[in-house]
Amino acid sequence: MRALLILIPALVLAWPAQAVQMVEAIGSAPVQGAISHVRSQALKDAMHQASLRASAQVRSTALLSKGVMAQDDVQVRSTAQLRNVEVLWEEQTDGLYEVGIRAEVAADAMCPASEQRYRKAVAVAGFGLAQPQQATVGQLQNVEQDLPRVLVNSLNNSGAVHALDATRISLYQDPRRAPSKETAQQRLTTSVALATQLGAQYVVSGVVRDLSLADRASNAGEWRARLGLPEASRPRQFVMDVFVHDGLSGAMLFQRSYSAVGQWNAPSVQAVGFGSPQFWQTGYGKEVRQVLQGAVADVNEVLRCQPFMARIVQARGNRLHIEASAGAGIRPGDKFQVYRTGTFYNLDLEPRTELTDMATEIVVKQVQPQFVIAEMKLSAERLAIQRDDMVIAW
């Protein structure tokens, strides 16, 4: 009987805690050799124990040969990251060096092994306002353009992507039903058109669902006005949906709803405007800022795990012109793989974009402000590489 390898799927053991939690752990190491090395090993063990407390994966491999267990391995590894490690105490007892630590532990990213460093071009479209009448108090109608502009600036400041301002363009005619223009397979054709127009790889869009303000207490406003007192602050809702679509296929990569409640303490008749200095000073503005920071972090994370892709705009001989700006971080000598784009149809006769690996590598020779020139060993004609094919870095 041939040896049989049985792989038991990984089990995730996660404590029901927040994304970031504070944990304490003890690590130890036998006192052998230099004390500095022993202490380092004990500290490493303590950090490993701390990460396991937050998140662990167990993988069991059993090897059977002729019905007899020949090998039974159990591997435990962590999928967490440690920050702000603090040593609480350390001591030697019974030939062991022990270290106690406290640390912040966060769940690991979706693609921790990714080392892809290029800044992906992202077009940020205008956000729809589902209920415009709710923006009257404070004159927040400019939220449709100024909110996504905040996202553009924050994404660019993070350095992870190259955000393009497309806030003048709205992808949804009726924000209340967004993203209703998608097909059943969650594809948005308008995102493809926008990405092609701006040379972007991804499109970020969204809808502001709720800006409602709580009603005043009965007669409270009238009495405060008679006494010459300022208006009492009122809770105000903020709800928005954020979508990320692939610019090549129109497929949705990310969708999430964000919400917050903050105190609106500006006078009702004052035209504050969304994103103004006075807006950010309100309790409501501070809550909204926190929400936007979380959305930027989420978008950065989901795009970090995606490959860098750029269109071929001209193929002649062994030279390719690629639509990628110098801001993407591409340098002479960088290498990419060439993929041919094509279309196939599923069982419902709906078109799908297909990428075929041409098993061809190109080397970047020149980086211009708005395009890149690369060369390959074989000619484009021989490989049938043409305009709108792609180069990819995983």
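Rules used in this analysis
- Residues numbered from 1 in each chain as written.
- Predicted model: local features only at pLDDT ≥ 70, side-chain atom pairs only at ≥ 80, totals over all residues.
- Heavy atoms only, no water.
- Phe/Tyr/Trp six-rings, centres within 6.5 Å; stacked < 30°, edge-to-face > 60°.
- Buried < 20%, exposed > 50% of the residue type's maximum accessible area, 1.4 Å probe, protein only.
- Helix = DSSP H or I, 4+ residues; strand = E, 2+ residues; numbered from the N terminus.
- Lys NZ or Arg CZ within 6 Å of the ring centre and 35° of its normal.
- Salt bridge = Lys/Arg side-chain N within 4 Å of Asp/Glu carboxyl O.
- Expected span 1.5 Å × (residues − 1).
- Arc of directions from axis to C-beta.
- Contact = heavy atoms within 4.5 Å.
- Pairing = 2+ DSSP bridges.
- Axes fitted to C-alpha atoms, helices over the stretch in contact; angles between N-to-C directions.

Chemist: Report on the packing of aromatic side chains, specifying residues and quantitative values.
Modeler: Within the structure shown, the criterion is met by eleven aromatic pairs. Summarising the aromatic geometry, the rings of Phe 274 and Trp 280 are spaced 5.8 Å apart at their centres and angled 70 degrees between planes, so their arrangement reads as edge-to-face. Comparing Phe 274 with Trp 280, the two get one shared label, buried. Seen in terms of ring centroids, Phe 308 and Phe 336 are 6.0 Å apart; in terms of plane orientation they differ by 45 degrees. Their pairing is tilted. In this pair, Phe 308 sits in strand β12 (residues 308–316) while Phe 336 sits in strand β14 (residues 335–345), placing the two residues 28 residues apart along the sequence. The two residues Phe 308 and Phe 336 agree in class, both being buried. The structure contains a cluster of three or more aromatic residues connected by ring pairs, namely Trp 264, Phe 274, Phe 279, Trp 280 and Tyr 284. Against the face of Tyr 284 rests Arg 236, its NZ or CZ located 5.6 Å from the ring centre.

Chemist: Provide a residue-level description of the pattern of salt bridges, including the pertinent values.
Modeler: If you walk through the whole model with that rule in mind, you get 14 salt bridges. Ionic pairing is found between Glu 86 and Arg 102, a salt bridge with its closest N-O pair at 3.2 Å. Linking Glu 86 in strand β5 (residues 80–93) with Arg 102 in strand β6 (residues 96–107), this pair joins segments that are 16 residues apart in sequence. A relative accessible area of 39% places Glu 86 in the partly exposed class. Residue Arg 102 is classed as partly exposed on the basis of its relative accessible area of 28%. The partner of Asp 241 in a salt bridge is Arg 209, and the shortest N-O contact between them spans 2.8 Å. Taken together, the residues Asp 241 in strand β10 (residues 234–246) and Arg 209 in strand β9 (residues 202–210) connect sequence positions 32 residues apart. Here the two residues Asp 241 and Arg 209 agree in accessibility, since each one is buried. Salt bridges here are not isolated pairs; linked through shared partners, they connect Glu 24, Glu 86 and Arg 102.

Chemist: Talk me through helix α2 (residues 143–158); I want residue IDs and the actual numbers.
Modeler: Taking 1.5 Å of rise per residue, 16 residues should cover 22 Å, and α2 covers 22 Å from first to last C-alpha, within 8% of that figure. Those residues of α2 lying buried are Val 143, Leu 147, Pro 148, Leu 151, Val 152 and Leu 155. The buried residues of α2 occupy one face: seen down the axis, they fall within an arc of 170 degrees. Just beyond α2, the residue with positive phi is Gly 159, at close to 80 degrees.

Chemist: Give me the lowdown on the side chain of Ser 268, citing residues and values where you can.
Modeler: Residue placement: Ser 268 occurs in the loop between β11 (252–264) and α5 (277–281). On the basis of relative accessibility, which here comes to 18%, the residue Ser 268 falls in the buried class. Residue contacts for Ser 268: discarding those within four places in its chain leaves Val 137, Gly 138, Arg 216, Glu 231 and Arg 234.

Chemist: Quick one: what's the story with the sheet that holds β10, residue by residue and with numbers?
Modeler: Read from one edge to the other, the open sheet built from five strands follows the order β8-β7-β9-β10-β11, with strand pairing classed as mixed. Sheet topology places β8 (161–170) and β11 at the edges, where each strand pairs with a single neighbour. Looking at each pair of strands side by side, their axes are set apart by 25 degrees on average, direction ignored. Across six bridges, strand β7 (residues 120–129) lies against β9 in parallel orientation. Counted as the bridge partner of Gly 128 is Val 207 from β9. Against the sheet, α2 makes contact with β7, β8, β9 and β10, and its axis sits at roughly 155 degrees relative to β7, the strand it touches most.

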